[in-house]
Amino acid sequence: MKKYILLIATIVISSLSLQAYTITSFDPANVFVDTTASGVASLDAAVGVTGYLIEDFEDTNLVSGAIDPTLIPGLTISFTGPNDHGNSANTLWDGSEHIDLNVGIGEITFNYTPGAQSLGLGIGDVESDVDIIVNGENLGFIRSLPNYSRLADSTREVYIRIDLEAGDDLITELRFVSIPQTGDALTFDHLAILNGTPVPEPSSILLLSICGAFLGCFRKKLG
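It should be emphasised that the depicted structure is a prediction, and the values quoted were computed from it without experimental measurement.

Visitor: Can you help me understand the side chain of histidine 190 in this one?
Guide: Looking at the element boundaries, histidine 190 is found in strand E13 (residues 185-195). Take histidine 190: its relative accessible area is 1%, and that puts it in the buried class. Separated by 2.5 Å, the side chains of histidine 190 and aspartate 94 make a polar contact. Residues contacting histidine 190, with those up to four places away along its chain left out, are Val40, Leu43, Asp44, Ile54, Glu55, Phe57, Trp93, Asp94, Gly120, Leu121, Gly122 and Tyr159.

Here it is in structure tokens:
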């Protein structure tokens, strides 16, 4: 009996790996067309968010530390420092409005209570090293992403899509943190959300399969 338990433990441990959310980045020059309906549809297809629930921030009223209820149900945003509901043409990903939040003297946090299986967001005007943190998991600096592109001040710079890996919890928190604090302000637009259910870890599936097979053999021996 002991050797079977040891075998199961060895297989499961060897199959375990550090799980982390997958982040994919897109250069605006390759995916952005314009802010018309057809242009946005083209963007969605290019970044893989067609059919997602979209928050366009067109009717968002900013107040200190919170966002009003015109957002997607279950979505809240908290932040510190100056903020704005801007319309600079070069930072828009859809429509005629975006949000401009200061990350340099605090944090910007997007919370989504239902939990997302996949989440996309257009980001611009990144002038400092800003960490992307998902459910407490640090995915690195925005400016270190492969397709981050800064052509000029106050422009679209990268579209990101964050997806679950096996074993990850649904995305309920997306934070942007600047350390050291620099006073940098980021623009955000075209938040895309796909609801869903988390995928079990391969090791969990394997363990259940092995245990089931083991119990089946054990019952046969008892019979």
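Visitor: Please clarify how the environment of alanine 166 should be interpreted in this entry.
Guide: The residue alanine 166 is located in the loop between strand E11 (156-163) and strand E12 (171-178) in this model. Residue classification places alanine 166 among the partly exposed residues on the basis of a relative accessible area of 23%. In the structure, alanine 166 is positioned 145 residues away from tyrosine 21 in sequence and 8.9 Å away in space, judged by C-alpha atoms.

Visitor: Can you walk me through the pattern of salt bridges in this structure?
Guide: Two side chains with opposite charge may pair up if their charged atoms get near one another. One pass over the structure, following the stated rule, counts 8 salt bridges. Among the salt bridges present, the one from arginine 150 reaches glutamate 127, with a minimum N-O distance of 4.0 Å. In this pair, arginine 150 is assigned in the loop between strand E10 (137-141) and E11 and glutamate 127 in the loop between strand E8 (107-124) and strand E9 (130-134), connecting sequence segments 23 residues apart. Between aspartate 129 and arginine 143 there is a salt bridge whose closest N-O contact spans 3.1 Å. In this pair, aspartate 129 is assigned in the loop between E8 and E9 and arginine 143 in the loop between E10 and E11, connecting sequence segments 14 residues apart. By relative accessible area, which is 35% here, arginine 143 ends up partly exposed.

Visitor: Would you take a moment to explain helix H3 (residues 37-47) for this structure?
Guide: Along an α-helix, a turn takes 3.6 residues, which lines up residues three or four apart on a common side. For H3, the complete set of buried residues consists of Gly39, Val40, Leu43, Asp44 and Val47. Looking straight down H3, one finds its buried side chains confined to an arc of 140°; they lie on one side. Turned more than 90 degrees from where H3 packs its buried face, Ala37, Ser38 and Ala45 sit exposed. Residues of H3 that are buried sit in contact with strand E1 (22-26), helix H2 (28-31), E11 and E13. Directly after H3, the chain includes glycine 48, whose backbone phi takes a positive value near 80°.

Calculation notes
Residues numbered from 1 in each chain as written. Predicted model: local features only at pLDDT ≥ 70, side-chain atom pairs only at ≥ 80, totals over all residues. Heavy atoms only, no water. Helix = DSSP H or I, 4+ residues; strand = E, 2+ residues; numbered from the N terminus. Buried < 20%, exposed > 50% of the residue type's maximum accessible area, 1.4 Å probe, protein only. Polar contact = N/O pair within 3.5 Å; in protein donor to acceptor, adjacent residues only side chain to side chain. Contact = heavy atoms within 4.5 Å. Salt bridge = Lys/Arg side-chain N within 4 Å of Asp/Glu carboxyl O. Arc of directions from axis to C-beta.

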